[in-house]
Structure formats: structure tokens, C-alpha cells
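# Survey of secondary and tertiary structure
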Amino acid sequence: MTGPAAQLAVLRARSGPGYADASRVLGAHYRKCTEALEQARRRRGPAEAALGDAIAESCVASGNRQLFDLAGQFFGRARRVDDSVAMFERALEQDPNAINSRLGLAVTLDFARRYGAAVPHLDWLLGVLPADRRVLRLAVQVGKLGGDLDLAQRALALLEKHHPDIAPRARDFLADDRPPPGPPG
């Protein structure tokens, strides 16, 4: 048996008085993660960066996909690309259909100019969000710079259909012969 009913059976088997200690430990990780993320939102610079290890440790220990996403966003803002990618990948291991996790990973990979690695994620996102302006613009860019002109052309066709106002800029971008930018500084 698979699906939600099977998941409920697993949850019931893992709950009750015998799991009180494990529940307290997990709850502590949730609190530490959310508190560290909240502190990071209020701070900038070195004070924010100092929270990175606490965020990584407690958010991973929480086992919560949404906290993985928030940690991935934090690490992206802090320009800790490898940590950001790791968090989003962890979220996708838990739920391969998590749209926000996949979008966060694609944006992070684009920022890091790892276009080829972003291609499969944007290909997936095109199938799920074929009219989303952000996804389409990113797919044109990543497709071109990542060497997947089919992805770029499919995204352009969808832009022309759903957002004709921005399609000319995307078309111009695809026609531009300049080499892609180097690694981020």
C-alpha cells in the first residue's frame, strides 16, 4: 500500500507514549531552526553569517522539508551556494514534487552560473508551471547559457503565448552571440 493511507499508518506506528523523548528532541530542533532563521532575518552581515552553522545543523536535524527550503533561501542570500544547493536537494529528496524547493534550487544554480545543472529542474518546472513568468524567463536564460537550446525555445514559445509583452526581450537575448558571463565574483 502506498499513498496517504500508508503514510498515516507509518505515522501511527511512530507515535504514542513510547516516542515522547524522540518527539521532544525533534521539537527542539524545530525551535532552534526557526529561531535561528528568524534571527538571521533581523541581522545582516557577520551577525547573520554566524548563524549559518546553527541553521544547517538544526534545520537538517528537524527533517522538515519546509525548513530545508527556508535554510536554502538563507544560504542563498548569504551567498553560501553549496550549502543552499545542499538544502534544496535535501528537500527534493524528501519530496521530488516540491515546486518551491525545485524553483529555489534552479534560482540558486542560476545565480552560481551552474546553468547545466539547472536545466533539468527548469525542464521539470516548465511542465508544471507552463505560464509562470519567472520560470519562463529563467528557462530561456538557463537553456541558452546551459547549452539546451530546446529548453530555451520551448520557454520562448510559452512566453510568446502567455506573456507576449516580454517575449521580444527573450527573443533578443537568444539572438545575442556574446559569450556567457564567467563565474560569479
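Structure first, text after, so check above.
## Description of the packing of helix H8 (residues 115-128) against helix H10 (residues 149-162)
- Between H8 and H10, whose axes approach to 11 Å, the crossing angle comes to 30°. Overall, the two elements H8 and H10 adopt an arrangement that is roughly parallel. In this structure, H8 meets H10 at a crossing whose hand is left-handed. Of the residues in H10, those in contact with Val119, Leu122, Asp123 and Leu126 of H8 are Leu151, Arg154, Ala155 and Leu158.
- Class assignment for the residues of the contact of H8 with H10 results in six nonpolar, no polar and two charged.

## Looking at the environment of aspartate 165
- Tracing the sequence through the fold places aspartate 165 in the loop between H10 and helix H11 (167-175).
- Its relative accessible area of 52% is what places aspartate 165 among the exposed residues.
- In this structure the side chain of aspartate 165 is engaged in a polar contact, spanning 3.4 Å, whose partner is the side chain of arginine 133.

## Notes on the side chain of serine 58
- Inspection of the secondary structure assignment puts serine 58 in helix H4 (residues 52-62).
- One polar contact links the side chain of serine 58 to the main-chain carbonyl oxygen of alanine 54, over a distance of 2.6 Å.
- Not counting the four nearest positions on each side in its chain, serine 58 is found in contact with His29, Lys32 and Cys33.

Analysis parameters
- Residues numbered from 1 in each chain as written.
- Predicted model: local features only at pLDDT ≥ 70, side-chain atom pairs only at ≥ 80, totals over all residues.
- Heavy atoms only, no water.
- Axes fitted to C-alpha atoms, helices over the stretch in contact; angles between N-to-C directions.
- Helix = DSSP H or I, 4+ residues; strand = E, 2+ residues; numbered from the N terminus.
- Parallel < 35°, antiparallel > 145°, perpendicular 65-115°, else oblique.
- Left-handed = near helix turned anticlockwise from the far one by under 90°.
- Contact = heavy atoms within 4.5 Å.
- Nonpolar A, V, L, I, M, F, W, Y, C, P; charged D, E, K, R; others polar.
- Buried < 20%, exposed > 50% of the residue type's maximum accessible area, 1.4 Å probe, protein only.
- Polar contact = N/O pair within 3.5 Å; in protein donor to acceptor, adjacent residues only side chain to side chain.

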